[in-house]
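For reference, the chains in residue letters:
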Amino acid sequence: MTIDMRHRIMVAWGSDLRDDPSTWVWSDIHEDVEWAPEYTIKDGRSEGATQAETLSVSPALEVRNPDGRYTPEDARSELWPHVVEGTPLWWTINTGGQDYDLVQGFLSGLTPRWSSRNGRHKVVDMAVFGRLGLLSRGKRPLPSAYRRAVLASAPLAYWELADGSEASEYASALAAGTPLRSATGLLPRPAALAGPAGAPDSVPLLIESAAFTGEIVAPIIGGSATEWTVEGNAYLVAGAGNSFSASVVLARWNTTGTIGVGGWELVGAVAPEDGQISFTVFALDADNSIQEAEGTSFLGTAAWHHWRVSCKQVGANVQVQVWANGDLHDVSTWTGYTLGAITRVRVGADPNDPTVLDPATPGSVMETAALSGLVVHNTATLTNDHGAAASGFTGETPSQRLIRIGREAGFPVTVDPGMTDVVDDFDRTVSPGWGDEPGGKTWTNLGSGGTVSASDWSVAGGSGLHSVPAAAAYRFSYLDVYLGDVEVYAEVTVAAPTGGDLEPTIMLRGTSSVDYYLARAVIAPGGTVQAQLRRLVDNVDTAIETTTVPDLVHDAGQPLKIRAQIIGTRCRMKVWQGDVEPAGWHATETDDNLGGTGFAGVRSGVGTGNSNSKPVVFSWHQVVITDLAVRMGAQPAAKVIEIAQECERTGMGRLSERTWGVHYRPLNTLYNQAPAFELDVAEQQLGDPFTPKRDVTIIRNEVEVSSPLGRVVWVDEESQSRGRFEDTAAINPDTHLAMLLQAQARVAIGTVPGYRYPSLSTDLGRHEELLPAWQALQLGDRMQVHGARRLGHAEDLVDQLVEGRQQKVWGRRSWRVTLFTSPAAPYTVGVIEGLGGLTSPPWRLDATAEITQAYGAGVTSLSVATTEGPLLSTDSSDYPCDVLVDGVPMRITTVSGASSPQTVTVVRGIDGWDRPIQPPSAGPGRGQLRLWRAARTAL
């Protein structure tokens, strides 16, 4: 049966691409289209490609234009001035009751044509591409992440300090801003020193070869007298052999209040023992003596660090916050002062100024000091994390980077939650317990204190509820995600505490009910909130870091929001209420007591002495768990499309175009998928040509992975007996280990045994039954062809991932599609079941087994010897298990015997065929027992 297709093409003239596509107004133009005999539409990766490509439509749509309405820049058109490139286009096919999307793209070209003799035949050729094509336009890269973050916060003053060696002053990065100029004729010498991530490679050296190079000054006009922030990025390298800390004044500023009458100084120091860097802010009196001082803890040995000083008038006192690299290090109250407005800033020093710290003091030499990105704000509360931006957002996942870039650049980005990710909005009703989160993982519930009852846990009204019946008690719920590097975000509502604290808590990296990290928000009577990082080891609770959250008073009427993260040994957390997430982390510390992987969850605690009416109910509205195993390095100054493609390469996921936006599927969403699209040879659903491919050109057994961190090469020695087949990949991870793992993964994909099927096709016009699955099909989905042995092929099942698509439509009858594919085998991976091991299949990777004699077809009891590694399991719960015995698919049902050889009972013919089998003595490669369609180790 051939379907009857009706085409509809619509254009959203005058739409704002930053708006939600559901708000666009569509105009139908299909009656004006002069239909070509055939159109070819492509999206995703083309055959053999390894990178996302934009949508294309060929030929361009030829649209009749007799009255000039589709002519660009023609003010006489009723559509003027909206006939422009970048306008959304939507092409659907209706098959008699159901609309199917064919194209969701944008106009990439508008070319008017008419008869050269009389001009009567007027048409406009409309070319179409996708969102990735739209992002590819233009050559100018995005500025550094730090510059974009600073400008988005509307600063009072900003100097990027990247003017180059020919500059006579340092220009403001703001329109009509005042430059920093030399007050002494000595300008800090610019040097070709790589700035913070993505910043220009030219910054002013304040100290070179242990000597000051000059000073620059600028007035500040319009500063706030009640709150302000000064921030920047500093580069410090101490001299060799120092016996004391080397220090340098990096920036100075003057204010009008009673604190810092003699000025403020931001001093950077390098410790002599281990080279760790710290920052301290000093407020000086009129005699240049220290009135007050606050500083950071040690920050590590990296040369570049971001610092930030935020001050605020609070009654008769001044609150001072000192931040470094996005982490809050200290909050202090300096009593009895007025703050005053900033009136002047100074960078560097006159070498002859006796008030500066001398870098050449014996035993405390600062060899090099530089400054980049100096900023003054009229607020003490920033709304984005400039510390993270200064690092180029190092450590965020590919998904997080894509979402952030989309938000900054104004285009929609959607991301599938990963295999180990969780987003639980508690949209269900359960009692007792919390039931399963939407991905199918079951919440485990435990508690201590008071009488523990199953009814202490329930889900109702869009919240997971913990009912804690007594003081000095807690209830918690966790999921067996078994993640090491992980981020958890949660929203919780709880009553105002009386008598004692209430403690909503995130749990991280748990290995038992008495071993896990805690990111605890401690709500005290009166509403102050502390951010506490703690660890529980063998049920011993130890504080790691505690910070009082500035400017937060708990409001019982709105959710408290907690974000906690652990990467390696670094734990950190932030707490807030309202829509604006704090720009940075409130508590950060390192701890190595609990390594490896573990569960994640939430805990509700009621402190000792609490007098709230019982039970105290904690309403958890949302819990989001994000796997941070794959993390990006510093974001470069590059075009949006280049950053997006770098995320795809580094994460090894799939980038595509969806609903006029960009969609990303993390690598672990490709694992262990159920088939989304299936073709049956017996039903004649597989089209021609069917051309399996097997040759050495498809092998990639040596992969070199490069990144800003260096290069890593991984080689599969076994397959190199057939020759060396090299490949390269340029990625941007945050660790060398990630480079090694990706090189290994790329080699595993490039050496997977079996055939390749570069393309598989079908005719949707003749197989309407396939249309619902086709409409739902996404790039990266798993597809299968059943019954290929009917065509004489060696494999009956063709198991692939969809990498790209080509659709050919001709009039109202023909709709042929071709799928560009890659093997699904590398994405069939083992899954950890609790702490017990791999559940599918139950097989040791280091086991080598073989049959001891020849057997005829149909024989089901085999003698199997283990020549290397452990014996085959005799546990009945480990079976059935599918194997290849001498290349013949079989299903093991039982194994018996406590020594080698063992007796293995099998079912034969599970793939529709059987033959006699021979032992190893019959020749190389014969008689081996191997897993069939074995699970692999995931990246």
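The next thing to look at is the overall build of the chain. Each helix and strand in the chain was counted, giving 7 helices and 57 strands. For 939 residues, the compact-globule estimate of 2.2 N^0.38 gives 30 Å, and the C-alpha radius of gyration of the chain, at 33 Å, lies within 12% of that figure. Reported as C-alpha extents along the three principal axes, the dimensions of the chain are approximately 100 × 95 × 60 Å. Here the chain holds 939 residues, and 53% of them are scored as buried. The contacts of the chain with a sequence gap of at least 6 include a subset with a gap of at least 24, amounting to 66%. Carbon and sulfur atoms make up 49% of the accessible area of the chain, which amounts to about 38900 Å² in all.

On inspection of all chains with the given rule, the structure shows 27 aromatic pairs. With centroids separated by 6.0 Å and ring planes inclined at 15 degrees, the aromatic side chains of Tyr 474 and Phe 476 adopt a geometry described as stacked. On the basis of relative accessible area, Tyr 474 is assigned to the buried category, the value being 17%. In this arrangement the basic side chain of Arg 694 is found over the ring face of Tyr 755, its NZ or CZ atom lying 5.8 Å from the centre.

Right, let's talk about the pairing of strand β4 (residues 39-44) for a bit. Most of β4 sits out of view: 5 of its 6 residues are buried. Note that β4 and strand β50 (residues 797-810) share 6 bridges and pair antiparallel. The residue bridging Lys 42 from the neighbouring strand is Gln 806, located in β50. As paired strands, β4 and strand β5 (residues 56-58) are joined by 3 bridges and run antiparallel to one another. Bridge assignment links Thr 40 to a residue of β5, and that residue is Ser 58.

Bringing the confidence of the model for the chain into the picture now. With 93% of its residues at a pLDDT of at least 70, the chain reaches an overall mean of 89. Note that pLDDT drops below 50 for residues 354-360; the model gives that stretch 15 contacts with residues more than four away or on any other chain.

Glancing now at the environment of Gly 462. Mapped onto the elements of the fold, Gly 462 is located in the loop between β29 (457-460) and β30 (463-468). Since its relative accessible area comes to 29%, Gly 462 is described here as partly exposed. Between the C-alpha atom of Gly 462 and that of Thr 429, which follows or precedes it by 33 residues, the distance is 8.1 Å. Ignoring sequence-local partners within four residues, the contact set of Gly 462 consists of Asp 425, Phe 426, Trp 620 and His 621.

Sheet strands line up and pair through hydrogen bonds in the backbone, either parallel or antiparallel. Strand order in the open sheet formed by 7 strands is β11-β15-β24-β17-β18-β19-β20, with antiparallel pairing between adjacent strands. Strand pairing shows two members of the sheet lacking a second neighbour, β11 (181-182) and β20 (290-295), which therefore form its edges. Strand direction decides the pairing type here: strand β17 (residues 246-255) and strand β24 (residues 342-348), joined by 5 bridges, are antiparallel. Its bridge partner lying in β24, Asn 254 is registered against Arg 344.

Another aspect to go through is the environment of Ser 761. Considering the arrangement of structural elements, one finds Ser 761 in strand β48 (residues 759-763). Residue classification places Ser 761 among the buried residues on the basis of a relative accessible area of 5%. The sequence separation of Ser 761 and Phe 820 amounts to 59 residues, and the corresponding C-alpha distance is 8.8 Å. Those residues within four positions of Ser 761 in sequence are excluded, and the remaining contacts are Leu 679, Gln 685, Leu 686, Gly 687, Asp 688, Pro 689, Arg 816, Val 817 and Thr 818. In terms of polar contacts, Ser 761 uses its side chain to reach the backbone carbonyl oxygen of Asp 688, at 3.3 Å.

Time to look at the packing of helix α4 (residues 398-409) against helix α5 (residues 640-651). The N-to-C vectors of α4 and α5 enclose an angle of 165 degrees; their axes lie 9 Å apart at closest approach. When the interaxial angle is binned, α4 and α5 end up roughly antiparallel. Here α4 runs over α5; the crossing is left-handed. Residues Pro 398, Arg 401, Leu 402, Ile 405 and Ala 409 of α4 form the contact with α5, whose own contacting residues are Val 640, Ile 643, Ala 644, Glu 646, Cys 647 and Gly 651. When grouped by side-chain class, the residues that make up the contact of α4 with α5 number 8 nonpolar, 1 polar and 2 charged.

With an omega dihedral of -5 degrees, the bond running from Ser 431 to Pro 432 counts as a cis peptide bond. Its place among the elements puts Pro 432 in the loop between β27 (422-424) and β28 (444-448). With an omega dihedral of -5 degrees, the bond running from Asp 688 to Pro 689 counts as a cis peptide bond. The residue Pro 689 is located in the loop between β44 (677-680) and β45 (702-707) in this model. Here the phi dihedral of Thr 659 falls at roughly 50 degrees; this positive angle occurs in a residue that is not glycine.

Here we take up the side chain of Glu 487. Summarising the element assignment, Glu 487 is placed in strand β32 (residues 486-493). In this structure the side chain of Glu 487 is engaged in a polar contact, spanning 2.9 Å, whose partner is the side chain of Arg 563. Beyond its immediate sequence surroundings of up to four residues, Glu 487 is in contact with Gln 400, Arg 563, Ala 564, Gln 565, Trp 585, Val 624, Ile 625, Thr 626 and Leu 628.

Given a rise of 1.5 Å per residue, 12 residues ought to cover 16 Å, and the 16 Å separating the end C-alpha atoms of α4 matches this to within 8%. The set of residues buried in α4 consists of Pro 398, Ser 399, Arg 401, Leu 402, Arg 404, Ile 405 and Gly 406. Where α4 is buried, its residues meet α2 (145-152), β26 (413-415), α5, β42 (654-658) and β43 (661-665). Positive phi appears at Gly 410, one or two residues downstream of α4, with a value of about 80 degrees.

Turning our attention to the nonpolar core. The biggest cluster of nonpolar side chains holds 49 residues, and the ones touching the most others in it are Leu 89, Trp 91, Val 103, Met 126 and Trp 815. Of all the elements, strand β8 (residues 99-113) adds the most residues to this core, at 5 residues.

Pairing within the open sheet is mixed, and its 3 strands lie in the order β46-β45-β47. Whereas interior strands pair on both sides, the edge strands pair on one side only; in this sheet they are β46 (710-715) and β47 (726-730). Between one strand axis and the next, the sheet turns by 15 degrees as a mean value, whatever way the strands run. Here β45 pairs with β47 via 5 bridges, running parallel. Directly across from Val 703, in β47, lies its bridge partner Asp 727.

Our focus in this paragraph is the pattern of salt bridges. Throughout the structure, instances matching the rule amount to 49 salt bridges. Ionic pairing is found between Asp 781 and Arg 665, a salt bridge with its closest N-O pair at 2.6 Å. Taken as a pair, Asp 781 in the loop between α7 (771-776) and β49 (782-786) and Arg 665 in strand β43 lie far apart in primary sequence, 116 residues in all. Taken individually, Asp 781 and Arg 665 each receive the classification buried, so the pair is uniform in this respect. The closest approach of N and O atoms between Arg 724 and Glu 702, which form a salt bridge, is 2.7 Å. Within this pair, whereas Arg 724 is found in the loop between β46 and β47, its partner Glu 702 is found in strand β45, the two being separated by 22 residues in sequence. What makes Arg 724 exposed here is its relative accessible area of 52%. Classification of Glu 702 as buried rests on a relative accessible area of 12%.

Turning our attention to the pairing of strand β31 (residues 473-483). Within β31, 9 of the 11 residues are buried, leaving the element largely enclosed by the surrounding structure. In terms of strand pairing, β31 meets strand β40 (residues 598-606) through 8 bridges, oriented antiparallel. Bridge pairing in β40 links Tyr 478 to Gly 601.

With that out of the way, let us pick up α5. In this model, α5 (12 residues) spans 17 Å end to end at C-alpha, consistent with the 16 Å of a helix rising 1.5 Å per residue. Summarising burial for α5: 9 of the 12 residues are buried, a large majority. Every buried residue of α5 is listed here: Val 640, Ile 641, Ile 643, Ala 644, Glu 646, Cys 647, Glu 648, Thr 650 and Gly 651. Met 652 occupies a position one or two residues after α5 and carries a positive phi of about 55 degrees.

Procedures and definitions
Residues numbered from 1 in each chain as written. Predicted model: local features only at pLDDT ≥ 70, side-chain atom pairs only at ≥ 80, totals over all residues. Heavy atoms only, no water. Helix = DSSP H or I, 4+ residues; strand = E, 2+ residues; numbered from the N terminus. Rg over C-alpha atoms; globule rule 2.2 N^0.38 Å. Buried < 20%, exposed > 50% of the residue type's maximum accessible area, 1.4 Å probe, protein only. Contact = heavy atoms within 4.5 Å. Areas by Shrake-Rupley, 256 points an atom, 1.4 Å probe, with all protein chains shown as cover. Phe/Tyr/Trp six-rings, centres within 6.5 Å; stacked < 30°, edge-to-face > 60°. Lys NZ or Arg CZ within 6 Å of the ring centre and 35° of its normal. Pairing = 2+ DSSP bridges. pLDDT = per-residue confidence, 0-100. Polar contact = N/O pair within 3.5 Å; in protein donor to acceptor, adjacent residues only side chain to side chain. Axes fitted to C-alpha atoms, helices over the stretch in contact; angles between N-to-C directions. Parallel < 35°, antiparallel > 145°, perpendicular 65-115°, else oblique. Left-handed = near helix turned anticlockwise from the far one by under 90°. Nonpolar A, V, L, I, M, F, W, Y, C, P; charged D, E, K, R; others polar. Expected span 1.5 Å × (residues − 1). Core = buried A, V, L, I, M, F, W, Y, C linked by side-chain atoms within 4.5 Å. Salt bridge = Lys/Arg side-chain N within 4 Å of Asp/Glu carboxyl O.

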